[in-house]
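Listed here are the chains, written in short residue letters.
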Amino acid sequence: MTERLVVIGGDAAGMTAASRARRRRDPEDLEIVAFERGPYTSYSACGIPYFVGDLVTDVDKLVARTPEEHRRNGIDVRTGHEVVAIDVNQRRVRVRDGDGERDEPFDQLVVATGAVPFRPEVPGVDADGIFGVQTLADGVAVRRAIEEHKPRRAVVVGGGYVGLEMAEALVRCGLEVTLVDRTEQPMAATLDDDMAALVTDALRAVGVTMYMSESVEGFDGDGGTVRAVQTTERTLPADIVILGTGVRPNSGIAREGGIAIGETGGIVTDSRMETSVGGAWAAGDCVESVDRVTDRHVVVPLGTHANKQGRVVGINSTGGDARFPGVVGTAVSKICAYEVARTGMTERMADELGRDVVAATIDSTTRASYVPGAAPIKVKVVAERPTGTIVGAQIVGEEGAAKRIDVLATAIWNRMPVDEVASLDISYAPPFAPVWDPVLIAARKAGDALG
């Protein structure tokens, strides 16, 4: 008898799981059905700001594999279908489409419902012209609004990755852009203040007006359309508003279906990505993961993890034994003139957790200083006493800076002390690095600070 695998969610985690499962088992042995409420599958959500800012002109370039391509590979993808309930006892899901609702059975279930933008609970938040940006359809809606309504003034609420990237995208579209955030510096959850200050300078340099340490209290509308943003200090006129206030795991139907949810709001899984219900798996932005540095459960909504977790699910749901070993919080972004990268703990986070650390920050160049194109780079390394183990790092610099974070992420993953990192045999040639790479200098300086 043919087994049935049902996948909820058609982006990175869900379709990676489905594709891996299909490679391992033939259609005669395993039927795979994927339900996606939107029109797109397997797309790059990280590319949305570049589409909005017209650096990517064709939305189809952000789609890695269309529903039709998945169907040709033996996966029954049904777009425009939203799963509204899970019944783990009866082994079925309730699906809603344009014709109503119906139940669909499953033998194995993959929950890959992603995340949803956090919407502040303030007056007027549901007005037209206020956009969260999480799915490709959200990005298409923002770009359509810009093209059709020709807004002049934009307000971005929130100074995380999405908010900053969208602020830059809106500047590219010719809008007057204001950014509001309740923290003192942007990217407060991922960078220390000394590094984040560089990001603030870069945004202001391209014309973004920034009001930090201000909270949004509401949105004013006219005929149901947003016209202004009210903060604790001022009224900001707005023709379009982008919510860059973060996301939360879209785990509601899992919780209601009896699948365990952690304190983070993410679905609880073991290292095989199996949930508290046997034969029900979860992956992507809707799950919580183990932070290998802090040993805490965290939600880190990144496509890199979603794809890896989806692969693990695809293997294990078809009889294999793969593991997802956790995260260290590595992320990278391009903010105006700067490449911004981080991994592990910030100095502030270490202090909050009571970890005894030292931090060292150095300024260098991305290439040998005499080579054309050499650009500034600032590297910060956080190391723990007494072992000297690197537990965090941040990089802000111009072209050629950010991907150096991968060396430090690898060091953190393998719990390497600063003296080992300072002695690493990494590549050198003047067009690519100074003879002492900034990573090595920062590690050595952190070692000196340890005493």
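Note that the structure is a prediction, hence the values are computed from the model and not measured. Throughout, a residue's number is its position along its own chain's written sequence, starting from 1. Whole-chain, interface and lining totals are the exception, using all residues; otherwise, since this is a predicted model, local features are given only for residues with pLDDT of at least 70 and side-chain atom pairs are given and counted only at 80 or more. Calculation of side-chain values draws on the structure's entire complement of heavy atoms; hydrogens and water are dropped beforehand.

Trainee: Quick question: what am I supposed to make of empty space enclosed by the protein here?
Mentor: Any residue with an atom within 4 Å of a point lines the site, the site being either a cavity, points on a 1 Å grid over the protein atoms alone where a 1.4 Å probe fits but cannot get out, or a pocket, an open set with protein on both sides within 12 Å along at least 5 of 7 lines. Grid points are joined across faces, edges and corners, and a volume is the space filled by probe spheres set on the points. Counted under the stated rule, the structure contains 1 cavity of 30 Å³ or more. At 3 residues, helix 8 (residues 303-316) tops the list of elements feeding residues into the lining of the largest cavity. Considering only residue class, the lining of the largest cavity consists of 6 nonpolar, 4 polar and 1 charged. Starting at the N terminus, helices and strands are each numbered in turn, a helix being any DSSP run of H or I of at least four residues and a strand any DSSP run of E of at least two. Under the grouping applied here, Gly and all other residues not named as nonpolar or charged are polar, the nonpolar ones being Ala, Val, Leu, Ile, Met, Phe, Trp, Tyr, Cys and Pro and the charged ones Asp, Glu, Lys and Arg.

Trainee: Help me understand a nonpolar patch on the surface, please; the structure alone is not making it clear to me.
Mentor: Residues enter patches when they are more than 30% accessible in relative terms and free of salt bridges; like-charged ones are connected within 9 Å and nonpolar ones (Val, Leu, Ile, Met, Phe, Trp, Tyr) within 5 Å. Using a 1.4 Å probe, accessible areas were evaluated by the Shrake-Rupley method; residue-level cover was limited to the displayed protein chains. The rule for a salt bridge is simple: a side-chain nitrogen of Lys or Arg has to be within 4 Å of a carboxyl oxygen of Asp or Glu. Together, Tyr-370, Tyr-428, Val-435 and Trp-436 line one region of the surface with nonpolar side chains, adding up to about 500 Å² of accessible area. Within the fold, Tyr-370 resides in the loop between strand 23 (357-365) and strand 24 (376-384). The buried label applies to any residue whose accessible area, calculated with a 1.4 Å probe on protein chains only, is under 20% of its type's maximum; exposed applies above 50%, and partly exposed to all values in between. Exposure remark for Tyr-370: the relative accessible area of 60% places this residue in the exposed category.

Trainee: Would you take a moment to explain unusual backbone geometry for this structure?
Mentor: Trans peptide bonds make up the majority, and among non-glycine residues the majority have a negative phi. A cis amide bond, omega -5°, links Arg-385 with the succeeding residue Pro-386. By secondary structure assignment, the location of Pro-386 is in the loop between strand 24 and strand 25 (389-397). Residues other than glycine seldom take positive phi values, yet Ser-213 does so here, at roughly 60°. With respect to the secondary-structure elements, Ser-213 resides in the loop between strand 12 (209-212) and strand 13 (216-222). One non-glycine residue, Arg-415, lies in positive phi territory at about 55°. Topologically, Arg-415 is positioned in the loop between helix 10 (405-413) and helix 11 (418-422).

Trainee: Explain the nonpolar core to me, please; I cannot follow it from the model alone.
Mentor: Most often, soluble globular proteins have nonpolar side chains that are buried together. Buried residues of nine kinds, namely Ala, Val, Leu, Ile, Met, Phe, Trp, Tyr and Cys, make up a nonpolar core once their side-chain atoms join them within 4.5 Å. In terms of nonpolar packing, the biggest core is built from 48 residues, with Val-93, Leu-109, Val-111 and Ile-267 touching the most fellow members. Among the elements that take part in this core, helix 1 (residues 12-24) stands out by supplying 6 residues, more than any other. We call two residues contacting when some pair of their heavy atoms lies within 4.5 Å. Beyond its immediate chain neighbours, meaning those up to four positions away, Leu-109 contacts Leu-5, Val-6, Ile-8, Ile-86, Val-93, Gly-279, Ala-280 and Trp-281. Grouped together as the second largest cluster of nonpolar side chains are 43 residues, Phe-51, Val-59, Leu-164 and Leu-179 included.

Trainee: Looking at this structure, how should I read helix 1?
Mentor: One full turn of an α-helix is made of 3.6 residues, so residues set three or four places apart face in the same direction. What a helix is expected to span follows from its residue count: subtract one and scale by 1.5 Å. Under the 1.5 Å per step criterion, the end-to-end length of helix 1 is 18 Å for 13 residues, consistent within 8% with the ideal 18 Å. Residues of helix 1 that are buried include every one of Ala-12, Ala-13, Gly-14, Met-15, Ala-17, Ala-18, Ser-19, Ala-21 and Arg-22, and no others. Where helix 1 is buried, its residues contact strand 1 (3-8), strand 2 (30-36), helix 3 (67-72), strand 3 (76-79), strand 7 (108-111) and helix 8.

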